[in-house]
Amino acid sequence: MRTGIFGGTFNPVHCGHLHIAQVFTREMNLDQVLWIPTYQPPHKESRELAGAEHRLEMCRLACKEDPRYKVCDLEIRRGGKSYTADTLRELSRLYPENRWVLLMGEDMFLTLLHWYHPEEILALAEICAVPRSQDDSGLLQRMQQQAEAIAAMGGTVRICPAEYWPVSSTEIREKLRQGKTVSGLIPPSVEQYITQKGLYGKEEIG
Ligand code: ATP
C-alpha cells in the first residue's frame, strides 16, 4: 500500500489541507492518506492550540470527504513533542509492508533538514511537497534547491504542481475571533463543531 502521511497541527483543519490532500493522493497515486494531528508541534508556538481531542475530531469530520483518508491518533496518544522520525519509525514497525510518502507544504519542506533525525525520515519515507504561496520571490527555485540537498542525502523528493490556495489555520482563527465569516475556508461540519464547542473565541449565538 502506498500510504501518505499528512501531519499537522490542524488547528483547525481547513480547505487548503483538503485541497492539497487531493493533489497528493492523485499525483502520488496513494491508496490511503493518514492524517496525523500532532500533540505538541516541535516547530510552532502552541499558543491558541485547541485541545488534541478537538483537533482530532475536526480531522475526523473533514476526512469523511474521501474514503482513502484516515485519521491517526498515534502522536496524540504518545503525547509530548511530536517528532515525525518517531512516528515514521513506529508506523514502519507496525506496518512493514507499507510504502510511506511524507506529505507537506512548502513551509515545512524548507525546514525539513532541521527536524529531529532528518536522515531517518529520509530513509523511511519518500517526500512530497507542494508550494503554498505565489512564486514571486524565487520560491520554486528555493524548493528545487532543497530537493537537491535532500537527494544528496539519499532522499527521494517530488515537488507537486498544485494550484495555490492562500488559506491558513492562523487566518481562520483570526477571522473566528473577529466574528468574521469563514465560510468556504473550512468544511461546514468543522465550522459547526467549532461553534458547538466554542473554540477559538467563537460561541453559539442564541
Ligand atoms: P498555522 O497557520 O496555525 O501555522 P497551517 O495552516 O500551516 O497552520 P498546519 O496544520 O500546520 O496548518 O499544516 C499542515 C500541513 O499542511 C503543513 O505541511 C503545511 O505546510 C500544509 N499546508 C497548510 N495549509 C496549506 C495551504 N494553504 N497550501 C499548501 N499547504 C498547506
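Residues numbered from 1 in each chain as written. Predicted model: local features only at pLDDT ≥ 70, side-chain atom pairs only at ≥ 80, totals over all residues. Heavy atoms only, no water.

A. Just the packing of aromatic side chains, in detail. Evaluated as defined, the whole model comprises six aromatic pairs. Seen in terms of ring centroids, Phe6 and Phe10 are 5.4 Å apart; in terms of plane orientation they differ by 80 degrees. Their pairing is edge-to-face. Per residue, the accessibility class of Phe6 equals that of Phe10, and both read buried. Ring centres of Phe6 and Phe24 lie 6.2 Å apart, and the angle between their planes is 70 degrees; this geometry places the pair in the edge-to-face category. Of this pair, Phe6 sits in strand E1 (residues 2–8) while Phe24 sits in helix H1 (residues 15–27), placing them 18 residues apart in sequence. The exposure class assigned to Phe6 is buried, which follows from its relative accessible area of 4%. Among the aromatic side chains, those forming a connected cluster through ring pairs are Phe6, Phe10, Phe24, Trp35 and Tyr69. (Phe/Tyr/Trp six-rings, centres within 6.5 Å; stacked < 30°, edge-to-face > 60°. Buried < 20%, exposed > 50% of the residue type's maximum accessible area, 1.4 Å probe, protein only. Helix = DSSP H or I, 4+ residues; strand = E, 2+ residues; numbered from the N terminus.)

B. Highlighting helix H9 (residues 188–197). Within the span of H9, buried status applies to Val190, Tyr193, Ile194 and Thr195. On its buried side, H9 packs onto helix H2 (52–62) and helix H8 (169–177). Trailing H9 by a residue or two, Gly198 shows a phi angle of about 65 degrees, which is positive. (Contact = heavy atoms within 4.5 Å.)

C. Spotlight on the pattern of salt bridges. Inspection of every chain in the model, using the stated rule, returns 14 salt bridges. The residue Arg177 makes a salt bridge to Glu48 at a minimum N-O spacing of 2.1 Å. With Arg177 in helix H8 and Glu48 in the loop between strand E2 (32–37) and H2, the pair connects residues that are 129 residues apart, well separated along the chain. Given the relative accessible area of 46%, Arg177 is considered partly exposed. Here Arg89 ties to Asp86 by a salt bridge, and the two come within 3.2 Å at their closest N and O atoms. Taken as a pair, Arg89 and Asp86 lie in helix H4 (residues 84–94) at a separation of three residues, close to a single helical turn. Accessibility expressed as a relative area gives 36% for Arg89, which makes it partly exposed. Judged by its relative accessible area of 17%, Asp86 is buried. Connected through salt bridges with shared partners, the residues Glu48, Arg173, Glu174 and Arg177 form a single ionic network. (Salt bridge = Lys/Arg side-chain N within 4 Å of Asp/Glu carboxyl O.)

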